[in-house]
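# Chain and residue survey
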Amino acid sequence: RPALGILKRYEERFPSFHEQVNIAFRYHCKEGNLKWVSLTLWAGADPYARGPDIPGDSPDPDEDCSGLELAAFYGHYDIFKLKNIHLDPNHKYAFELLRNVCHNDKADLLSMLLEKGYDPKNLEDHGSSLIESLILSMDWEYDPFSFTRKKKNIDTSLSREKMKMLHML
């Protein structure tokens, strides 16, 4: 990074600089703005850092997400293709990333992460809790944006994508 020296000086003068860059990264991942995601990565954002996506917001730490988790949840797949995004299947939040990917309308991102070595097995018997959440989502089709449930038209393109995800897991 050509600006590494400049960033270190900012961090010395402004101790909250790194956290502010991470907040901006999470916000722009949620919005899907590739230009600003790239800029915050250049400025030193950590794609796996968890926290709020709005300055001053202090939600429950158990509900904090990383920028990559937000990008996955909101279906901004192009963020994962940026050259400064280094996917790490061994990161401590790798499984949470997979969980958010399973909420998507398409199975493509799950396929890519599994190919990169992400492990869906999180249960003692080497099973995956992701399977249960996928089956439940096919049954009642919960829309996380409108907070509504529809119990009709179960054979939809979304259900078929969930079946693809089940097959991959």
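Treat the numbers as computed from the prediction; the structure is a model and nothing was measured.

Analysis parameters
The residue numbers shown here count from 1 along each chain, following its written sequence. Owing to the predicted nature of the model, reporting of local features is limited to residues with pLDDT of at least 70; listing and counting of side-chain atom pairs is limited to 80 or more, with chain, interface and lining totals taken over all residues. The basis for every side-chain value is the complete set of non-hydrogen atoms in the structure, without hydrogens or water. Numbered from the N terminus, helices here are DSSP runs of H or I no shorter than four residues, and strands are runs of E no shorter than two. The buried label applies to any residue whose accessible area, calculated with a 1.4 Å probe on protein chains only, is under 20% of its type's maximum; exposed applies above 50%, and partly exposed to all values in between. By the convention used here, residues are in contact when the closest approach between their heavy atoms is within 4.5 Å. Confidence per residue, as judged by the predictor, is encoded in pLDDT with a range of 0 to 100. Lines are fitted to the C-alpha atoms to define the axes, a helix being fitted only along its stretch in contact, and any angle between axes, read from their N-to-C directions, falls within 0 to 180 degrees. By definition in this entry, angles of less than 35 degrees are roughly parallel, angles greater than 145 are roughly antiparallel, angles of 65 to 115 are roughly perpendicular, and the rest are oblique. Crossing handedness follows the turn of the near helix against the far one: under a right angle anticlockwise gives a left-handed crossing, and clockwise gives a right-handed one. Here a polar contact is recorded for every N or O atom pair within 3.5 Å, except that within protein the pair must consist of a potential hydrogen donor and a potential acceptor, and residues adjacent in sequence are included only if both atoms are side-chain atoms. Expected span of a helix, by definition, is 1.5 Å for each gap between consecutive residues, and there is one gap fewer than residues. Arc, as used here, means the arc of the directions from the helix axis to the C-beta atoms. Any two rings among Phe, Tyr and Trp, with Trp reduced to its six-membered ring, count as a pair given centres within 6.5 Å; such a pair is stacked if its planes are under 30 degrees apart, edge-to-face if over 60, and tilted if neither. Cation placement over rings: the criterion is NZ of Lys or CZ of Arg within 6 Å of the ring centroid and within 35° of the ring normal.

### Some words on the overall build of the protein
When its secondary structure is counted, the protein shows 8 helices and 4 strands. Along its sequence from the N terminus, the protein presents helices and strands in the succession α-α-α-β-β-α-α-α-α-β-β-α. Burial statistics for the protein: of 169 residues in total, 37% are counted as buried. In the protein, once contacts between residues fewer than 6 apart in sequence are set aside, the share between residues at least 24 apart is 60%.

### As for the environment of N84
Within the secondary structure, N84 is located in the loop between α4 (67-73) and α5 (94-101). The exposure class assigned to N84 is partly exposed, which follows from its relative accessible area of 36%. Separated by 43 residues in sequence, N84 and L41 place their C-alpha atoms 6.8 Å apart.

### What to know about the environment of M168
The residue M168 is located in helix α8 (residues 157-168) in this model. Looking at M168, the relative accessible area reads 30%, which means it is partly exposed. Those residues within four positions of M168 in sequence are excluded, and the remaining contacts are A107, L110, S111 and L114.

### Thoughts on α5
Buried residues dominate α5, accounting for 6 of its 8 residues. Taken together, the buried positions of α5 are A94, F95, L97, L98, N100 and V101.

### With respect to the confidence of the model for the protein
Of the residues in the protein, 76% have a pLDDT of 70 or more, and the chain-wide mean is 81. The weakest mean pLDDT in the protein belongs to helix α1 (residues 4-13) at 60; the strongest belongs to helix α3 (residues 34-42) at 95.

### Quick word on the packing of α5 against helix α6 (residues 108-115)
It is at 9 Å that the axes of α5 and α6 come closest, and there the two elements cross at 155°. The orientation of α5 with respect to α6, classified from their angle, is roughly antiparallel. Crossing of α5 over α6 shows left-handed handedness. Only L109, L110 and L113 of α6 make contact with α5, whose side of the interface consists of L97, L98 and V101.

### Examining the side chain of N22
Tracing the backbone through its elements, the reader meets N22 in helix α2 (residues 17-31). By relative accessible area, N22 is classed as buried at 3%. Among the polar contacts made by the side chain of N22, one reaches the main-chain amide nitrogen of D46 at a distance of 2.7 Å. Those residues in contact with N22, other than ones at most four positions away along the chain, are G44, A45, D46 and A49.

### Describing α8
The terminal C-alpha atoms of α8, which comprises 12 residues, lie 17 Å apart, in line with the 16 Å expected from a rise of 1.5 Å per residue. When we look at burial in α8, the residues that qualify are S159, E161, K162, M165 and L166. For α8, the angular spread of the buried residues around the axis is 160°, confining them to a single face. Turned more than 90 degrees from where α8 packs its buried face, S157 and H167 sit exposed.

### What to know about the packing of aromatic side chains
All told, the structure shown has 1 aromatic pair when counted by the stated rule. Across the ring face of Y93, the terminal group of R50 is positioned such that the distance to the ring centre comes to 4.2 Å.

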